[in-house]
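Geometric and topological summary
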Amino acid sequence: MFSDAIPDPALLEAWIAQSGELLLLTDRSGLPVWANASLQARLGPLDGPLTALAADDGTRATLEAGLAAGALVPTRVALRDGRFEVRAGAVGDRLLWTLTDRTRETALQAQATRLEELLDMAQEFGRLGVWERDIPSGRGRWDRHVFAFWGLDPRQGTPDYAAAMSAVHPEDRERLPVTVGDLRAGRYAQRYRVFQPDGRLRWLHSQWEIRNGPGGVPDRAIGIMMDDTESYELARSLDDASAQLKMAVELADIAVWRHDLRSNRMHYNDRAYAVLDIPPRPDGLSIEEVRALIHPEDLPEVLASAKRALQNDRPTDMEARYRRSDGSWRHVLTRRVVQRDADGQPLAFLGVALDITDRVRAEQALRTADERAALAARSAGIGTWEVEFGSEDVERWDEQMFRLRGIAPRDHPPPREERLAMLHPEDRARSLDATPEGLASQRPARYEFRVIWPDGSVRWLASRSIPVLDAQGGVRKRLGVNWDITDGKDAELARQQSAVAERASQAKSQFLARMSHELRTPLNAVLGFTQLLQVEAQGRRDDARDAKLRHIRAAGEHLLSLVDGVLDLSSLEAGQLRLEAQPVDLAALVEQALPLVAPLAERHRVHIRRDDVRGVVRADRTRALQVVVNLLSNAIKYNKPDGEVHLSSTLAPDEVTLVVTDTGRGLNRGQLVHLFEPFNRLGVESEGIEGTGIGLTITKALLEQMHGRIEVRSRPGEGSTFAITLPRLHEEPASSPSPLPELPARLARRHGQLLYIEDNQVNVLLVEELVRNLSGLDIESVGTGADGVARALDLRPDLVLVDMQLPDFDGFEVLRRLRAHAATAAIPCIALSANAMPEDIERAREAGFADYWTKPIDFRAFMAALESLFPQRAGTA
């Protein structure tokens, strides 16, 4: 202990000067010598050295340093339960310590600092900033939050009022004071948008107060500003989600309803009202009105279902019948869940429903429960699933979800890894199962994917799902549906394949048309000049020359038949071949066909034997002859030397069968399978037997077009039998044409002028020779469409022959220009072209050509047409 007495009077004045302070006198080791009453009252008894008062190690070290130095500059330290500012100085061999109590000041500073931190946290959390502006100068001060809202760097300083206004969205400026001079005292609040320097748009909400200065003029504005951008974007996102949900509901034809447990009223979407056949009502229906619509037998189960939903909060399914206004009943499958508030109290039932009336009616037509279940799965086709999130996630699938994947229903859905394994590898990335967090997404999901069934088949499924949020905005569960869209995908694929096939068919038609034109053009010269030479040889009675020319003509006509065969096959495949059904005498048809194959039979040393062929069939005469000639040609070509071909027929009440049997090489089972494939010669390509491999293909297609059929029996080494059957007619046929086409005779002299528009000089020479030598008509030729039109205007011919492919423009343009002039509008025009495709012929006739003659020119038809167009005048010879 120490005394309050001061032994040294010299120190008294120093202590008096320090009145009001806490004073302590210690020796150089820190032991107290004296303390004033204020210090003892504040710090309590001083029973030890000064360092014993230290509240922490830092303070102890500071005091020890002061004792060692014999002095201490003002320093803040912690002594016992307070904060003090302490300083020390030497007084003789002692130290005088002066203490100023800073405890309250320190506490207030700490409180102020905490309040600033809390304010800053509140601003950060609430996206809140504060600002002020000097109105006369326009200068302002923003805190860092306001700078962040506007996307500006605080180091650049607060922008002036005009600069700040320039960043405001133009549509919102009119709601704000345009200049500083427009500001008036008062409190204000406004929402507006600002553009940040990078172009992003922020939604801001500002409240401010304008205060007047001493002169009653506004001189200062202070305010707070809040960033509402996230709220606006969240609202927009919710609007999008609502729109997507509505679209999904409408697409799936789902009825949606809500039973408000407080008002006891039911609210429906439009689909639900349509099922009930009730006009939509904004205020919904009372629960009594709804229960009156439920079938009495189903009402107890409906009430029990609602009770179960309240008890377990799990989705509850039930089926009930509802009466419509016309008295009919609709079967409705409903799934409901209870919606609760934050305290767990039920607010409403939320439900979806499907009108399953058609499915139920179909089920009722089946005999067993198994059949009913199978039909329900096929007719509904929708699988539903849900996931509830919690400490342990709960997943549920209905039975259809398993069936959509080709597996038997289980008590629990397959785990995520197994579900991914069921998906096609290319589709796994887009599935919600692609990541463990996928199902917990807050966005609706809609996508299509493929599943691989256990048997290896692939099915397309569609998926739609939505999250259900809790009161805090977290995902509480996800609800989803799957259904099979394989048929739609297959139909789309079929449409695409059909489009590809159509393009291929068009390309093939263009190729065939070009091929036909390029082959028929030289054949026109070969066959045309051969026939002209034959006419000369027959006029001179030069039989040897005529025979040689016949061989040339036969070869040319064979080549033409090959071209026609390819065109026939194309027309048959496209369904464009036109047939003229008429009564055809089968015996006369055979009589006409035999001379055509006689040279071939003689060359191969094959004998043709014919029984009594009888019967009249309904067929196209030309095509029926083509069928018989093809069968006879094959029987001869693939026969053996000194072999035989036998023809016979059988009659039935409604059909006639012509049988062609040969003693040739025969066909094995593998060859019979591919017999009617186009361009398949069954392995005889290298044997030197002429043919293209399309004859039997055309034969079969022609017979089917004429409502007939062809059958084949064959054994290797023994020969083959082909039987063709056609519908039988019980009437006499028209007279048959001559079996061998004869060259036309010269026509009696006729008068008339022809104009031939053709750029191929060989074709020009042929037609001019034919017209002048056999008809006596006058003919003139030009090589271009333009020259042809001009010459027709000058010449006024009686007939214009037009090639369809000219160097300057086509035959259609020639016809159009001739019809446009009154002087040539009535002159008949005939197309003369190597384009022999049926669509070309039909198009020309529809355009207005009087006729369409194909190259090579058929002399008999050509001369017959001229004879018809230019009849012999009386008195001429």
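Before going into details, it helps to say that this report is about the structure given with it. Numbers given to residues run from 1 along each chain, matching the order in which its sequence is written. In keeping with the model being predicted, local features are shown solely for residues with a pLDDT of at least 70 and side-chain atom pairs are shown and tallied solely at 80 or more, while totals for entire chains, interfaces and linings include all residues. Excluded from the side-chain calculation are hydrogens and water; included are all heavy atoms of the structure.

Our focus in this paragraph is the overall build of the protein chain. Assigned secondary structure in the protein chain consists of 26 helices and 33 strands. Burial status across the protein chain gives 41% buried among its 877 residues. By sequence separation, contacts in the protein chain at least 24 residues apart represent 57% of the contacts at least 6 residues apart. Under the DSSP-based scheme used, a helix requires at least four consecutive residues in state H or I and a strand at least two consecutive residues in state E, with every element numbered from the N terminus. Each residue is placed in one exposure class: buried if its accessible area under a 1.4 Å probe, protein chains only, is under 20% of its type's maximum, exposed if it is over 50%, and partly exposed if it falls in between. Between two residues, a contact is recorded if the distance between any of their heavy atoms is within 4.5 Å.

What follows concerns the nonpolar core. Buried Ala, Val, Leu, Ile, Met, Phe, Trp, Tyr and Cys residues form a nonpolar core when they are joined through side-chain atoms within 4.5 Å. Ranked by internal contacts, the top residues of the largest apolar core, which has 39 residues, are L631, L632, V645 and I724. Elements with a contribution of two residues or more to this core: α18 (586–604), β24 (616–619), α19 (621–637), β25 (644–651), β26 (655–662), α21 (695–705) and β28 (719–729). The contact partners of V645, leaving out residues within four places of it in the chain, are V606, H607, I608, R609, L632, A635, I636, N639, V660, T661 and D662. In this structure, L293, V302, A306 and V338 belong to the second largest nonpolar core, which totals 23 residues.

Attention shifts here to the packing of α19 against α21. Axis geometry follows a simple rule: fit a line to the C-alpha atoms, using only the stretch in contact for helices, then measure angles between N-to-C directions, giving values from 0 to 180 degrees. It is at 10 Å that the axes of α19 and α21 come closest, and there the two elements cross at 145 degrees. Pair α19 / α21 crosses with left-handed handedness. Contact residues: R623, Q626, V627, N630, L631 and N634 in α19; G695, L696, I698, T699, L702 and L703 in α21. Each residue is assigned to one class: nonpolar for Ala, Val, Leu, Ile, Met, Phe, Trp, Tyr, Cys and Pro, charged for Asp, Glu, Lys and Arg, and polar for all the others, Gly among them. For the contact of α19 with α21, a count of residues per class yields 6 nonpolar, 5 polar and 1 charged. Helix crossings are classified by the rotation of the near helix relative to the far one: an anticlockwise turn of less than a right angle makes the crossing left-handed, while a clockwise turn makes it right-handed.

Here D484 shows up in strand β21 (residues 475–484). By relative accessible area, which is 29% here, D484 ends up partly exposed. Sequence separation of D484 and R450 is 34 residues, and the distance between their C-alpha atoms is 9.7 Å. In this view, D484 contacts G381, L404, R459, W460 and L461; residues no more than four positions away in its chain are not counted. Separated by 3.1 Å, the side chains of D484 and R459 make a polar contact. Within the local environment of D484, its side chain forms a polar contact with the side chain of T486, the two groups lying 2.7 Å apart. Two N or O atoms count as a polar contact when they lie within 3.5 Å, although within protein this holds only if one can serve as hydrogen donor and the other as acceptor, and sequence-adjacent residues are included solely when both atoms are side-chain atoms.

What follows deals with the sheet that holds strand β3 (residues 72–79). Pairing in this open sheet of 5 strands is antiparallel, and the strands run β2-β1-β5-β4-β3 from one edge to the other. In this open sheet, the two edge strands, each paired with only one partner strand, are β2 (32–35) and β3. Taken over all neighbouring pairs, the strand axes of this sheet differ in orientation by 25 degrees on average, direction set aside. Helix α3 (residues 57–69) contacts β1 (22–26), β3 and β5 (94–101) of the sheet and is inclined by roughly 150 degrees relative to β3. Note on pairing: two strands pair once DSSP finds at least 2 bridges between them.

Below, the discussion takes up the packing of aromatic side chains. The geometry of an aromatic ring pair comes down to the distance between the two centres and the angle between the two planes. The aromatic pairing rule takes the rings of Phe, Tyr and Trp, using the six-membered ring of Trp, and pairs them if the centres are within 6.5 Å, calling planes under 30 degrees apart stacked, those over 60 edge-to-face and the rest tilted. For the coordinates displayed, the defined rule picks out 8 aromatic pairs. Aromatic pair W853 and F862: ring centres 5.2 Å apart, planes at 65 degrees, arrangement edge-to-face. With respect to burial, W853 and F862 carry one shared label: buried. One aromatic cluster is present, built from ring pairs that chain together W142, F147 and W150. Note on geometry: a ring has a charge over it if NZ (lysine) or CZ (arginine) is within 6 Å of the ring centre and within 35 degrees of the ring normal. Lying over the aromatic face of F349, R336 brings its terminal NZ or CZ to 5.1 Å of the ring centre. The aromatic ring of F676 is capped on one face by K700, whose charged end is 6.0 Å from the ring centroid.

Moving on to the environment of L726. When you line up the elements, L726 lands in strand β28. Assessed through its relative accessible area of 7%, L726 is described here as buried. Sequence separation between L726 and V656 is 70 residues, and the spatial gap between their C-alpha atoms is 5.6 Å. If near-sequence neighbours (up to four positions away) are discounted, L726 is found in contact with V617, A619, D654, E655, V656, L703, M706 and G708.

The next subject is the sheet that holds strand β13 (residues 285–286). Across a sheet, strands are paired by hydrogen bonds formed along the backbone, either parallel or antiparallel in direction. Strand order in the open sheet formed by 6 strands is β13-β12-β11-β16-β15-β14, and the pairing between neighbours is antiparallel. Whereas interior strands pair on both sides, the edge strands pair on one side only; in this sheet they are β13 and β14 (316–323). Bridge count between strand β11 (residues 255–260) and strand β16 (residues 346–355): 6 bridges; the pairing is antiparallel. Along β16, the bridge assignment pairs W257 with G351. With respect to the sheet, helix α11 (residues 299–312) is in contact with β14, β15 (329–340) and β16, its orientation differing from that of β14 by roughly 150 degrees.

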